[in-house]
Each structure stands twice: as C-alpha cells, then as structure tokens.
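A look at the structure
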Amino acid sequence: MVIVMEETASEEQVSSVIDKLVRLGFDIHRSTGVRHTVLGAVGGRIIDARDLEVLDGVKEVLRISSPYKLASRTFKPEGTQIKIKDVVFGGREVIMMAGPCTVESRDQVMSIAEVVARHGAKVLRGGAFKPRTSPYSFQGMGEEGLKHLRQAADRFDMLVVSEVMEPSQIPLFIRYVDILQIGARNMQNFNLLREVGRINKPVLIKRGASATIEETLLAAEYVMSGGNHEVMVCERGIRTFETYLRNTLDISAIPVLKKLSHLPVVADPSHATGRRDKVPPMAQASVAAGADALLIEVHNDPENALCDGAQSLLPDQFEALMRRLRLIAEAVDRSVAADVPEPAER
Ligand code: PEP
Ligand code: MN
C-alpha cells in the first residue's frame, strides 16, 4: 500500500499515520519528496483503505496488492486447469456447456442432451433448484431433476453442472453432479461459499448482476480459502443503465479476469442477453475474448419452456453456432469440439 500525504501535512500527522500502520503490523518505507511525503507500507493486516484515507494529512491511499491471494494470477502464473474425467477447463479447448434453463421432465433432458452432445457439448446444464425472482414461478424439480440430468449425461458421455442454492443441498449435489454452480444471486452468500469450499468437487461461480470483478474474485477466494481450489468464474451479464437487453455482457471482464486470476473463465451469453437472437454473436465475442468455456441455454420447445424460453437456442441454432465457434476458436489459437459422428449402422 502507498500512502501519499498532503503537501501541507505536518510532521505530527505523518508520524501518527506511521504509528497506526506499525500497530497494524506494516513495515514502513518513507520517502520525503519536495512536495509530498510518501509512505510505502508492506506486509501487515488486510485493512480497508478508507480507514487510512480519513486520517488527518492523508491525500490518497493506493492499494498495490490485491485483496484476493489464492485467486490471484500471481499465486499460479501458469493458469489453473480443472480436469474432470477427460474434460479439461482452462486448456486449449473451449468447453461447451449446454442444456435447458430448468429440468422439466426426463424426456426433455434426454432429448436436449442428445443433440447438444452430438454437436460437441461436453457438459449438460440444467437447474433442478431454481432461484426465481418471483415465489410464484416454477421452483424446479428438486432431486428428481438431478437424477434426470445424471442419467442423460451418463447416456451421452457428458458431465453435469447444476445450481446449488443452499448448504443443506450439498450432499445431494455431490451424489449427482460434477460441477456445483453458485448462481449470480448467491455470489455473496458467504455461508454457501464457505461450505462448497470444504468439498472436493469443482465449483462454478457466477458473477452477481451488480458485482465488481474484484468482488467476484473475492467470492472465488472464499471457496479457495476453505481448501477447494477447483473454481471457475463466470461472466453472465451485469446490470447497467442500458435496459434494451436483460443484462449487459461485460466482455471486457473476460480478459481482465484472465489477467488478474489463474482460474478458468466461463461466459454465459444466454442470461446476459435474454434473447436467443443475441446469443450467437455474444458467444462468438466471448470465445474471441478468451473465454475458457461457454454456458448456453438450449431447449427443444422453447415456446413452452417453463423458464427462460426466449433466450434458449433451438437445437439447429446450437449446431450452427458450434460451426461458427470452431472457426473463431481457431483464429485465436483455441479449439471447440467437433460433432460426434453418429454410430455406424450395423
Ligand atoms: C442459471 O444459470 O440457470 C441461472 C439462474 O443463472 P444466473 O445465476 O446467472 O442468473
Ligand atoms: Mn436460465
């Protein structure tokens, strides 16, 4: 941390700032310039910069190191790869996760899993417990939904990602899913973050609609500080003054997260835009910007979907998007899985 004193700061004010920092465990490096005295504070406890800014004689406080440590790129400069079965997140391949917003029936999940798997998706998504804005909306199928996801994923050789809403559900999720999703609305549910920090299954954290990049990485830090280092962070659109689409996909967060952190970065163009016609261009932009994985909603009958039908791609649109993404991935030195050939007829 660097503390710049006011030009008019008295020696007493400088000493009192130094005393406070020393009490907090910092080593102080003082430099007295022609105009300003500058204090470099190294080590010490994590403190709120504003506690220093309000002291008499302080002009500004600049934080140099990040408040998150385990999630920071410095902790693992080469980047983290999360390997689940034969799927690697954070490697050269951009991993596609696709499926309905919510599990509605066994047939629905089976039929969507079949088409997304055929076109290269490695992970089946779907909510069994839904965080709905209204208490009157469909709340999800619960455990039965998780079972359908597992069966469909096993049949088509996929992984399962699904959202866990509270700590008491964790044992159930461990039984059925490969990746536990923490939803945007729960990104700062610190109890839940701590609890998934104690398990050894990968966690996908969605950025809150009003969360800064730093807050998102601090959510990852909560999980990691409990011992679980298999964390991915997901940009899924934030709330801005723009109201045309459901949210604003912060594409720039992708390279920023990649620079600040070693964790794999996921982009979700479905919740970001809320409209299926805007999903492909934003998915393409996300791959071009360096996303390690995409999370995309696909539905076989979106007009009758129980949740998020308008933003769900039809199977044909998913196929077309995958073809386009393969070209874009190649241009940025990445790859996207090819279609799985149909089994030869006997
Ligand atoms: C979801 O992925 O189903 C979901 C609810 O997303 P978010 O938490 O980003 O709104
Ligand atoms: Mn959804």
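Residues numbered from 1 in each chain as written. Chains lettered and ligands numbered in written order. Predicted model: local features only at pLDDT ≥ 70, side-chain atom pairs only at ≥ 80, totals over all residues. Heavy atoms only, no water.

**Quick notes on the pairing of strand β11 (residues 203–206)**
Side chains Val203 and Ile205 project from β11 onto one buried face, and the interleaved Leu204 and Lys206 project onto a second face that is buried too. Pairing of strand β10 (residues 179–182) with β11 involves three bridges; the strand directions are parallel. When the sheet's bridge partners are listed, glutamine 181 is paired in β11 with leucine 204. In this fold, β10 hands off to helix α6 (residues 190–196), which returns the chain to β11; that crossover is right-handed. With four bridges joining them, β11 and strand β12 (residues 231–235) adopt parallel strand pairing. In the sheet register, isoleucine 205 faces β12, and the bridge partner there is valine 233. A crossover connection joins β11 to the parallel β12 through helix α7 (residues 213–225); in handedness this β-α-β unit is right-handed. (Buried < 20%, exposed > 50% of the residue type's maximum accessible area, 1.4 Å probe, protein only. Helix = DSSP H or I, 4+ residues; strand = E, 2+ residues; numbered from the N terminus. Pairing = 2+ DSSP bridges. Right-handed = clockwise from strand over helix to strand, strands pointing away.)

**Things to note about the domain arrangement of the protein**
Structurally, the protein comprises domain 1 (2–62) and domain 2 (82–331). When each unit is reduced to the centre of its C-alpha atoms, the spacing between domain 1 and domain 2 is 44 Å. (Domains from an automatic or database assignment.)

**So, the coordination of the manganese ion (ligand 2)**
For the manganese ion (ligand 2), the full set of protein donor atoms is Cys101 (SG), His271 (NE2), Glu297 (OE) and Asp308 (OD), at a range of 2.0 to 2.4 Å. Donor residues for the manganese ion (ligand 2), ordered by position in the chain, follow C-x169-H-x25-E-x10-D. Here cysteine 101 is found in the loop between β7 (95–99) and α3 (106–118), whereas its partner aspartate 308 is found in the loop between β14 (293–297) and α11 (315–331), with 207 residues between them in sequence. We classify cysteine 101 as buried; its relative accessible area is 2%. (Donors = N, O, S within 2.8 Å, 3.2 Å for Na, K, Ca; no water.)

**Section: the site of ligand 1**
Neighbouring ligand 1 are Arg125, Lys130, Glu163, Gln181, Gly183, Ala184, Arg185, Lys206, Arg236 and His271. Class assignment of the residues belonging to the shell around ligand 1 gives a composition of one nonpolar, three polar and six charged. (Near = heavy atom within 4 Å. Nonpolar A, V, L, I, M, F, W, Y, C, P; charged D, E, K, R; others polar.)

**Details of the sheet that holds strand β3 (residues 37–43)**
The strand order across the open sheet built from four strands is β2-β3-β1-β4, with neighbouring strands paired in antiparallel fashion. Each edge of the sheet is formed by a strand with only one pairing partner; in this case those strands are β2 (26–32) and β4 (58–62). Taken pair by pair, the neighbouring strands of this sheet meet at an average axis angle of 20 degrees, ignoring direction. Pairing of β2 with β3 involves seven bridges; the strand directions are antiparallel. (Axes fitted to C-alpha atoms, helices over the stretch in contact; angles between N-to-C directions.)

**A short note on the layout of surface pockets**
Estimates place the volume of the largest pocket at around 380 Å³. Residue lining of the largest pocket: 21 residues in total, with Ala117, Phe156, Asp157, Met158 and Val340 positioned closest to the centre. At three residues, α3 tops the list of elements feeding residues into the lining of the largest pocket. Residue composition of the lining of the largest pocket, by class: 12 nonpolar, one polar and eight charged. (1 Å grid on protein atoms, 1.4 Å probe; cavity = no way out; pocket = protein on both sides within 12 Å on 5 of 7 lines; lining within 4 Å. Points joined across faces, edges and corners; volume = space filled by probe spheres on them.)

**So, the pattern of salt bridges**
Pairs can form between side chains of opposite charge once their charged atoms are near each other. Under the definition given, this model contains 21 salt bridges. A salt bridge links arginine 125 to glutamate 297; the shortest N-O distance between them is 3.4 Å. Taken together, the residues span a long stretch of sequence, with arginine 125 in strand β8 (residues 123–125) and glutamate 297 in strand β14 at a distance of 172 residues. Overall, the relative accessible area of 3% leaves arginine 125 in the buried class. Residue classification places glutamate 297 among the buried residues on the basis of a relative accessible area of 0%. A salt bridge links aspartate 292 to arginine 334; the nearest nitrogen and oxygen atoms lie 2.8 Å apart. Taken together, the positions of aspartate 292 in the loop between α10 (279–288) and β14 and arginine 334 in the segment after α11 put the pair 42 residues apart, joining distant regions of the chain. With respect to class, aspartate 292 is no different from arginine 334; both count as buried. Overlapping salt bridges, with partners in common, bring together Lys85, Arg150, Asp154 and Asp178 in one network. (Salt bridge = Lys/Arg side-chain N within 4 Å of Asp/Glu carboxyl O.)

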